[in-house]
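Remarks on the overall topology
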Amino acid sequence: MRAIWTGAVAFGLVNVPVKAYGAIEDHDVDLHQVHDADGGRIRYQRRCEVCGKKIDYEHIDKAYEDGDRTVVLTDDDMESLPAEKSREIEVVQFVPNDQIDPLMLERSYYLEPDSKSPKAYKLLRQTLEDTERIAIVRFALRQKTRLGLLRVRGKVLVLQSMLWADEVREVDFPATKSATKISDKELKMSAALVEQFSNDFTPGDFEDEYQVELRTLIDEKIKQGDSLDTDATFGDQEAARDDAGSGSGDVIDLMEALKRSVEKKRSGGADKTAKPGTTSDGKKPSGKKSAGKKSTPASAKNDRQTRPSGKKGTSQKGA
């Protein structure tokens, strides 16, 4: 891994030099867009609306429009902002672990000690563990002043950026104020269903089925080309469909749905969300997981030619 930021954690007169590394990565299969007629790569160009010329990045500035005027901000203007020059992760509070709403959390970064003597790093980590606290911090990264928190993961300090309070929307849905009453039987049955699905969370038990199926589709297209049969590749879609999904659109009795769900779980119905699955007794069943659903957009283009590319594609998400 390569460090994306170098600075220091500062609280009081204590200074902890650190390097920050991205803690997460995108596992999605990279795709790009092509012309359906000849497979030519579709690219987006940066063109000026005034002169019509294609513009290189070094000639692109940022701007703000208030409706009447346009204020252009050059790279020098952006670099002059005091907050961007800060190389400190400033601790402003220590709070209990359970006071942070997960809705506010964004990206995570591992912090590595950037000193020949990591004593201050170890001291901060051990203090957070012993006091069961997390540190609320302010820092600057990629031309933004950010709110964040420091917490412990194993033997490493983790920095997680957070949303500011005014970035989290407040909602008031009328349906949540409904006078609908829940019966004791419904609550009891719902609790029984929750209990049957309860287990310790193991992240490795889950996988992104769509990405697995997409990779399978790509591999089979490379092997078979135009002769690819997606039904044969992914199996009988009707058989693979979840029983609950097959009745979508039908209005059914809530109590009856709860009863059926509990009975299905008791009979050993696997949790399709987990990779290996679990039964009602918490054990992992043997046997291979059933195939997922086929990719509709891909199957609709089976009559098009498979065109190998020498370059790895990158996602194009917009102009």
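See the structure above.
Here we summarise the structure given alongside this text. Predicted, not measured: the structure shown is a model, and the values here were computed from it.

What follows covers the state of the cysteines. Using the criterion set out here, one finds zero disulfides in the structure. Cysteine Cys 48 shares no disulfide, and the gap to the nearest cysteine sulfur, in Cys 51, comes to 3.8 Å. According to the relative accessible area criterion, Cys 48 is partly exposed, its value standing at 27%. For Cys 51, a relative accessible area of 46% translates into the label partly exposed.

With 13 residues, helix H3 (residues 119–131) should reach 18 Å at 1.5 Å per residue; the first-to-last C-alpha distance of 18 Å fits that figure. Those residues of H3 that fall on the buried side of the exposure criterion are Tyr 121, Leu 124, Arg 125 and Leu 128. Within H3, the buried residues cover an arc of 95° as seen down the axis, which keeps them to one side. Exposed residues lying more than 90 degrees from the buried face of H3 are Lys 119, Leu 123 and Asp 130. Glu 132 sits one or two residues past H3 and shows a positive phi near 55°.

What follows concerns the sheet that holds strand S5 (residues 88–96). One closed barrel holds the seven strands; their spatial order is S1-S2-S6-S9-S8-S7-S5, and the pairing between them is mixed. With direction set aside, neighbouring strand axes in the sheet form an average angle of 40°. Where strand S8 (residues 145–153) and strand S9 (residues 156–162) come together, seven bridges link them in antiparallel fashion. Within S9, the residue paired with Gly 148 across the bridge is Ser 161.

Let us now look at the pairing of strand S2 (residues 14–22). Summarising the sheet, strand S1 (residues 5–11) and S2 pair through seven bridges and their orientation is antiparallel. By the bridge assignment, Ala 8 is partnered in S2 with Pro 17. Pairing of S2 with strand S6 (residues 105–113) involves five bridges; the strand directions are antiparallel. Along S6, the bridge assignment pairs Gly 22 with Tyr 109.

This part covers a nonpolar patch on the surface. A cluster of nonpolar side chains, contributed by Tyr 64, Val 71 and Leu 73, occupies part of the molecular surface with about 270 Å² of accessible area. Residue placement: Val 71 occurs in strand S4 (residues 70–73).

Here helix H4 (residues 184–197) crosses helix H9 (residues 254–266) at 25°, and the two axes come no closer than 10 Å. With respect to H9, the element H4 is oriented roughly parallel. Judged by the twist between their axes, the crossing of H4 over H9 is left-handed. Touching Lys 185, Glu 186, Met 189, Ser 190, Leu 193, Gln 196 and Phe 197 of H4 are Leu 254, Met 255, Leu 258, Lys 259, Ser 261, Val 262, Lys 265 and Arg 266, all from H9. Grouping the amino acids of the contact of H4 with H9 by side-chain chemistry returns seven nonpolar, three polar and five charged.

Right, let's get into the environment of Lys 116. One can find Lys 116 in the loop between S6 and H3. Spatially, the C-alpha atom of Lys 116 lies 9.8 Å from that of Pro 17, the residues being 99 residues apart in sequence.

Another point: the pairing of S1. Burial runs high along S1: six of the seven residues are buried. Count of turn residues in the S1/S2 antiparallel hairpin: two residues, of which Gly 12 carries a positive phi of about 65°. Two elements, S1 and S5, share three bridges in a ladder whose sense is parallel. Its bridge partner lying in S5, Ala 8 is registered against Glu 88.

Analysis parameters
Residues numbered from 1 in each chain as written. Predicted model: local features only at pLDDT ≥ 70, side-chain atom pairs only at ≥ 80, totals over all residues. Heavy atoms only, no water. Disulfide = S-S within 2.5 Å. Buried < 20%, exposed > 50% of the residue type's maximum accessible area, 1.4 Å probe, protein only. Helix = DSSP H or I, 4+ residues; strand = E, 2+ residues; numbered from the N terminus. Expected span 1.5 Å × (residues − 1). Arc of directions from axis to C-beta. Pairing = 2+ DSSP bridges. Axes fitted to C-alpha atoms, helices over the stretch in contact; angles between N-to-C directions. Patch = residues over 30% accessible without salt bridge, like charges linked within 9 Å, V, L, I, M, F, W, Y side chains within 5 Å. Areas by Shrake-Rupley, 256 points an atom, 1.4 Å probe, with all protein chains shown as cover. Salt bridge = Lys/Arg side-chain N within 4 Å of Asp/Glu carboxyl O. Parallel < 35°, antiparallel > 145°, perpendicular 65-115°, else oblique. Left-handed = near helix turned anticlockwise from the far one by under 90°. Contact = heavy atoms within 4.5 Å. Nonpolar A, V, L, I, M, F, W, Y, C, P; charged D, E, K, R; others polar.

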